[in-house]
Structures are given as structure tokens and as C-alpha cells.
Amino acid sequence: MKYIQTDNLTVIDYGDNTGKLQIYQTSKSPYGYSSRDLITSDFGKPLKEITYNYVQKQVDKVYSTFNYDEIHKLINKINNESK
């Protein structure tokens, strides 16, 4: 099992070509650490179905504004991990 993460997004890769998307809210502490609060955790699905469009739709359900560059970073990390 591998965790592929960005600041607010995580995909758990179960190692059998399936994974699960988790969406977090990250808060920066004035003391130097960042806390992550889980907003939603989707059901597992094949990794090839965790695409930019899928992640964007899930993010849009819980965030009114979101930096979509983070979705690009997540998808690039997933693609690099699966090679």
C-alpha cells in the first residue's frame, strides 16, 4: 500500500491496480506544522479511473475554490508511481 499525496489530496494505492481518493483541508499552524482534516474519502476504484476529470469533479463537490494545479501534481505522481 502506497500513499500518493499533495497538500490537500491523497490517493491510496492498494497495490492491485486499485486506489482510493481522499480529500483534505490543510491548515497551516503558526508553529510550523500543517494539520490535515479529512473532508471525504471515496470508495476504491481502479487506478486508471482516477483521472484529472474524476478528481476535479470530486474536489468541486467539497470546495468552492481550489488550485487545480494540485490535481495536475497528483495525477503526475500517480503516473510516475505506476511506471
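Throughout what follows, the structure given in this document is the object of discussion. (Residues numbered from 1 in each chain as written. Predicted model: local features only at pLDDT ≥ 70, side-chain atom pairs only at ≥ 80, totals over all residues. Heavy atoms only, no water.)

**Some details on the overall build of the protein chain**
The secondary structure content of the protein chain amounts to two helices and five strands. A compact globule built from 83 residues should have a C-alpha radius of gyration of about 12 Å, and the protein chain, at 13 Å, falls within 12% of that. The contacts of the protein chain with a sequence gap of at least 6 include a subset with a gap of at least 24, amounting to 43%. When the accessible surface of the protein chain is summed, it comes to about 5500 Å², and 46% of that surface belongs to carbon and sulfur atoms. Charge-centre separation for the protein chain: the mean point of 11 positive side chains lies 2 Å from the mean point of 10 negative side chains. (Helix = DSSP H or I, 4+ residues; strand = E, 2+ residues; numbered from the N terminus. Rg over C-alpha atoms; globule rule 2.2 N^0.38 Å. Contact = heavy atoms within 4.5 Å. Areas by Shrake-Rupley, 256 points an atom, 1.4 Å probe, with all protein chains shown as cover. Lys, Arg positive; Asp, Glu negative; His and termini not counted. Charge placed at Lys NZ, Arg CZ, Asp CG, Glu CD.)

**Examining the packing of aromatic side chains**
Within the structure shown, the criterion is met by one aromatic pair. With centroids separated by 5.0 Å and ring planes inclined at 50°, the aromatic side chains of Tyr63 and Phe66 adopt a geometry described as tilted. Its guanidinium or amino end placed over the ring of Tyr24, Arg36 lies 4.0 Å from that ring's centre, counting from NZ or CZ. (Phe/Tyr/Trp six-rings, centres within 6.5 Å; stacked < 30°, edge-to-face > 60°. Lys NZ or Arg CZ within 6 Å of the ring centre and 35° of its normal.)

**Re the environment of Ile4**
Examined against the element boundaries, Ile4 turns out to sit in strand β1 (residues 2-5). Overall, Ile4 belongs to the buried group, its relative accessible area being 4%. Linking Ile4 and Asp60, residues 56 residues apart in sequence, is a C-alpha distance of 20 Å. Those residues in contact with Ile4 that lie beyond four places of it in its chain are Leu9, Thr10, Val11, Asp13, Leu74, Lys77, Ile78 and Glu81. (Buried < 20%, exposed > 50% of the residue type's maximum accessible area, 1.4 Å probe, protein only.)

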